[in-house]
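Architecture at a glance
Here's the letter readout for the chains.
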Amino acid sequence: MESLGDLLRSLEHSPHMKRAEEARKALANDPLVMQLLERHPEIDERMLNTHLNQVRQYVKEYRQCRECPGLDRCPNDLTGHYTKLDVQTLGGHTYLVDSKVPCKKWTSKQAQDRIRRRIRSFYLDGNMLRDDYSLDEILAADFERMKAVEKIADYILQVKEHGLSEKGLYLYGKFGTGKTFLMCYMLHELARHGYNGVIVYMPDFMEDLKSMFGDSQRLKETIDLLKETDLLVFDDIGAENLNAWARDHVLGTILNYRMNRRPTFFTSNYDLDALQQHFSFTSKDGEELHKGHRLMDRIRPFVEAVAVNGKNKRGIL
């Protein structure tokens, strides 16, 4: 019968053990491991052998990170994280301790996700709220809108330095000049500084209000959100099919609450005078000049009107 000693000696010379020993030596001679040993001379051969799997994982993930294929294809065990090795002493014994550390791409994505969570959009293409444009790029797309871009930049700077004012902006101009995009850029930049915002595409919002008429809880939650958010943008106002109830009891209620409290912003193809004419007429009740004037009293004093010039860039920027 083969003794235990004979068995162990036979295993030492087995092909499997030879391959394992060669792999161990190769790992110990890896430049990355040698740098680790230089930083921590207290790591001896025994400790290295004890923590071989951790060291191997450290080397593997380090190399994978150097050739990062992007977060969506991260090959590491924990997406967006790499293995870090530290030496700790506990009870007179030294240990090699591994931990998972977030990479720069993961940290950046988490920061962007926090920003996006501060902004809600209703009936608007989410791609409008991108974070990869600078003011220089926005301006370079069309120098005719320079004054509008400068106004947005000034507004962002003022809020960053002095906090929210009671006054918003009213961007108006032809189709496709980038009014909505400029508002989305503003929301994103101010979300970086902790402000929350909502942007509402008015034509679809007014249509959806019809379904909310029979759902009082949903209607209340929607109105409360629009009343309380730091920054509210009504996008493409004047393009909606207006009815008296939505104008007086929804839009009027929201604007009445926000004036003197929080800024409200607008984009429109109408200037302020033309918008007042729009609010003064509904398909059911006809012309109601006093109601249009009353609603404009909640808009005109609380915005700075800014013309957005330029070419139609629909589908471009």
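The coordinates are above.
A short tour of the structure in this document, coming up. (Residues numbered from 1 in each chain as written. Predicted model: local features only at pLDDT ≥ 70, side-chain atom pairs only at ≥ 80, totals over all residues. Heavy atoms only, no water.)

If a probe the size of a water molecule is rolled over the atoms, the empty space left behind becomes visible. Taken as a whole and judged by the stated rule, the model has 1 cavity of 30 Å³ or more. When its volume is computed, the largest cavity comes out at roughly 60 Å³. In this structure, the largest cavity is lined by Glu166, Leu255, Arg258, Met259, Arg262, Thr264, Phe266, Arg298, Ile299, Phe302 and Val303. Where the lining of the largest cavity is concerned, the elements lending two or more residues are helix 12 (244-258) and strand 7 (264-268). Its residues assigned to classes, the lining of the largest cavity shows 6 nonpolar, 1 polar and 4 charged. (1 Å grid on protein atoms, 1.4 Å probe; cavity = no way out; pocket = protein on both sides within 12 Å on 5 of 7 lines; lining within 4 Å. Points joined across faces, edges and corners; volume = space filled by probe spheres on them. Helix = DSSP H or I, 4+ residues; strand = E, 2+ residues; numbered from the N terminus. Nonpolar A, V, L, I, M, F, W, Y, C, P; charged D, E, K, R; others polar.)

Another point: the sheet that holds strand 3 (residues 119-122). In space, the 6 strands of this open sheet follow the order 3-5-6-7-4-10, with parallel pairing throughout. The open sheet has two edge strands, strand 3 and strand 10 (303-307), and neither has a second partner. Going across the sheet, the axis of each strand differs from the next one's by a mean of 15°, ignoring polarity. Of the pairings in the sheet, the one linking strand 4 (residues 168-172) to strand 7 comprises 3 bridges and is parallel in character. Paired with tyrosine 170 across the two strands is phenylalanine 266, which belongs to strand 7. (Pairing = 2+ DSSP bridges. Axes fitted to C-alpha atoms, helices over the stretch in contact; angles between N-to-C directions.)

Of all 5 residues in strand 5 (residues 197-201), 4 are buried, a share of seventy percent or more. In this sheet, strand 6 (residues 231-235) lies alongside strand 5 in parallel orientation, the contact comprising 5 bridges. When the sheet's bridge partners are listed, glycine 197 is paired in strand 6 with leucine 231. (Buried < 20%, exposed > 50% of the residue type's maximum accessible area, 1.4 Å probe, protein only.)

This paragraph deals with the side chain of lysine 227. By secondary structure assignment, the location of lysine 227 is in helix 11 (residues 216-228). In this structure, lysine 227 is buried with no salt-bridge partner, the nearest side chain bearing the opposite charge being aspartate 224 at 4.1 Å. (Lys, Arg positive; Asp, Glu negative; His and termini not counted. Salt bridge = Lys/Arg side-chain N within 4 Å of Asp/Glu carboxyl O.)

Our next topic: the packing of helix 11 against helix 12. Each pair of packed helices gets described by two things: the angle between the helix axes and the distance between those axes. At their nearest, the axes of helix 11 and helix 12 sit 8 Å apart, and the two run at 40° to each other. As for how helix 11 packs across helix 12, the hand of that crossing is right-handed. Contact residues: helix 11 offers Leu219, Ile223, Leu226, Lys227 and Glu228, while helix 12 offers Trp245, Val250, Thr253, Ile254, Tyr257 and Arg258. Classifying every residue of the contact of helix 11 with helix 12 gives 7 nonpolar, 1 polar and 3 charged. (Left-handed = near helix turned anticlockwise from the far one by under 90°. Contact = heavy atoms within 4.5 Å.)

Nothing here speaks to function; it is all geometry.
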